[in-house]
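# An overview of the molecular structure
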Amino acid sequence: MPLRAEIDEAFKPDLRRSVEDALSAKKATYYLQIFSGVSHGFATRADPSVESQHLETLDSRLLFAIPKKGRLHEKCLQLLSGADIQFRKSQRLDVCLVMNLPIALIFLPAADIPSFVGNGNVDIGITGHDVVLEAGMQNKITEVQRLGFGKCALQIQVPEHGSIQSVEQLAGKRIVTSFEVLSGEYFGKLDDQLLLTGDQRTKIQYVGGSVEVACALGLADGIDNRLAESGETMRAAGLRAISTVLETEAVLIKSNTLSRADHTPLIDLVASRIAGVVAAEKYVVCSYNISREALPLAIRITPGRRAPTISPLEQEGWVDVNAMVLKKDSARVMDELVKTGAQDILIFNLDNCRV
């Protein structure tokens, strides 16, 4: 059977060509198209040398779940590229093979990733910390590391010009949210503290999106919704935050019930590479020359992650110093070094590192 026809059969309409159905159906083998697709830093055309390897199985590969769209998707693609995880993704499939490691990427809705990882269908994944808690999977997965992007807060918001000034005033009223579990836990504890019972307790209503319009439409007295750092959506909807339920960001998670024990070294390798990319985005290298007399003061400004690297210069009494500093602090660090008498101060960006 020709390759394309075989792929069509494997992902026929009654399975809706979705990896969710594929995994839940416990299919042992799925054939993947690896020679024509969307490039992620690599050629979009087929390499003739691999056309004889059209068909691959998932049996021996580490399954790595990636958000298929939304606020985390593009950042995840950048992260994979920085970690040298090379792949081509077909427009038609939500599964693709990594070309340089025994990994298969599974593109899923971010909200579904904790359940797939927690139940052992997928080995590792990237999703939001808040989504893990909302899915109730915190005891079935391990958060390997926080990734430093996708940061936001789950906050209680009310109409800006309304009478409600605190969450205690909101207790017992109507709340609309996409985080039914987290909201229920938060207001459940608040209701208990205020001794609210029966119909007096807070009413939580779930909606799948556009939560911020619920108050304006008369559906709610307040909402529990994600708030990005800018807060533009909240202000545009005429809302203000009165309490924070949870601070969250993207996390790398792994299953507590791995499908194969021999995947552990590969998971450690992926985690190490990702940690290097995250650190490279967070830090820069600061290099400067300074007299030995002023060195103790300069080291207090640039202590480095462990310690600065200090090398003598040809000019007697002077040294060269190299230290990693937080990127967000680099301008302030340079200003302070100037005051100590440091010269030739340079900042170098990092493409990648291991820390």
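As shown above, the structure is provided for reference.
As the structure is a computational prediction, the values presented were derived from the model and not from experiment.

Next up on the list: the overall build of the protein chain. Counting secondary structure elements, the protein chain contains 11 helices and 17 strands. Residues counted as buried form 46% of the 355 residues belonging to the protein chain. Long-range pairs, those at least 24 residues apart, make up 74% of the contacts in the protein chain between residues at least 6 apart in sequence. Accessible area of the protein chain: about 18,200 Å², with a carbon and sulfur share of 50%.

Spatially, the 5 strands line up as an open sheet ordered β10-β9-β11-β8-β12, and their pairing is mixed. Of all the strands in the sheet, just β10 (203-206) and β12 (239-248) have a single pairing partner and so form its edges. On average, each strand axis in the sheet is inclined to that of its neighbour by 25°, with strand direction left out of account. The strands that helix α7 (residues 180-193) touches are β8 (152-159), β9 (174-177), β10, β11 (222-227) and β12; relative to β10, the one it contacts most, it runs at about 170°.

Below, the discussion takes up the pattern of salt bridges. Side chains that differ in charge, positive against negative, can pair when their charged atoms come close. Across all of its chains, the model carries 10 salt bridges by this definition. The salt bridge involving Asp221 is made with Arg174; its shortest N-O contact spans 3.2 Å. Of the two residues, Asp221 is situated in the loop between β10 and β11 and Arg174 in strand β9; the sequence distance between them amounts to 47 residues. Under the relative-accessibility criterion, Arg174 is labelled partly exposed at 35%. Its salt-bridge partner being Asp262, residue Arg260 comes within 2.8 Å of it at the nearest N-O pair.

Let us now look at a positive patch on the surface. Together, Lys151, Lys282, Arg305 and Arg306 make up a positively charged patch on the protein surface. Considering the arrangement of structural elements, one finds Arg306 in the loop between α10 (295-301) and β15 (309-312).

The next point concerns the packing of helix α3 (residues 73-82) against helix α9 (residues 264-282). Relative to each other, α3 and α9 sit at 110°, their axes nearing to 9 Å. Classified by the angle between their axes, α3 and α9 sit roughly perpendicular to one another. Together, Lys75, Leu79 and Gly82 of α3 and Ile274, Val277, Val278 and Glu281 of α9 make up the contact between the two elements. Of the residues that constitute the contact of α3 with α9, the class distribution is 4 nonpolar, 1 polar and 2 charged.

Let's shift gears to α9. Think of an α-helix as turning once every 3.6 residues; residues three or four places apart then point the same way. With 19 residues, α9 extends 27 Å between its outermost C-alpha atoms, agreeing within 8% with the 27 Å of an ideal straight helix rising 1.5 Å per residue. Regarding α9, the residues found buried are Leu266, Ile267, Val270, Ala271, Arg273, Ile274, Gly276, Val277, Val278, Ala279 and Ala280.

Strand order in the open sheet formed by 4 strands is β15-β16-β14-β17, with antiparallel pairing between adjacent strands. Since the sheet does not close on itself, it has two edges, and those belong to β15 and β17 (343-349), each with one partner. For this sheet, the mean inter-axis angle between neighbouring strands, taken without regard to orientation, is 15°. Pairing geometry for β15 and strand β16 (residues 318-326), over 4 bridges, is antiparallel. Within β16, the position partnered with Thr309 by the bridge is Asn322. Against the sheet, α9 touches β14 (283-291) and β16, its axis set at about 55° to β14.

The rules behind the values
- Residues numbered from 1 in each chain as written.
- Predicted model: local features only at pLDDT ≥ 70, side-chain atom pairs only at ≥ 80, totals over all residues.
- Heavy atoms only, no water.
- Helix = DSSP H or I, 4+ residues; strand = E, 2+ residues; numbered from the N terminus.
- Buried < 20%, exposed > 50% of the residue type's maximum accessible area, 1.4 Å probe, protein only.
- Contact = heavy atoms within 4.5 Å.
- Areas by Shrake-Rupley, 256 points an atom, 1.4 Å probe, with all protein chains shown as cover.
- Pairing = 2+ DSSP bridges.
- Axes fitted to C-alpha atoms, helices over the stretch in contact; angles between N-to-C directions.
- Salt bridge = Lys/Arg side-chain N within 4 Å of Asp/Glu carboxyl O.
- Patch = residues over 30% accessible without salt bridge, like charges linked within 9 Å, V, L, I, M, F, W, Y side chains within 5 Å.
- Lys, Arg positive; Asp, Glu negative; His and termini not counted.
- Charge placed at Lys NZ, Arg CZ, Asp CG, Glu CD.
- Parallel < 35°, antiparallel > 145°, perpendicular 65-115°, else oblique.
- Nonpolar A, V, L, I, M, F, W, Y, C, P; charged D, E, K, R; others polar.
- Expected span 1.5 Å × (residues − 1).

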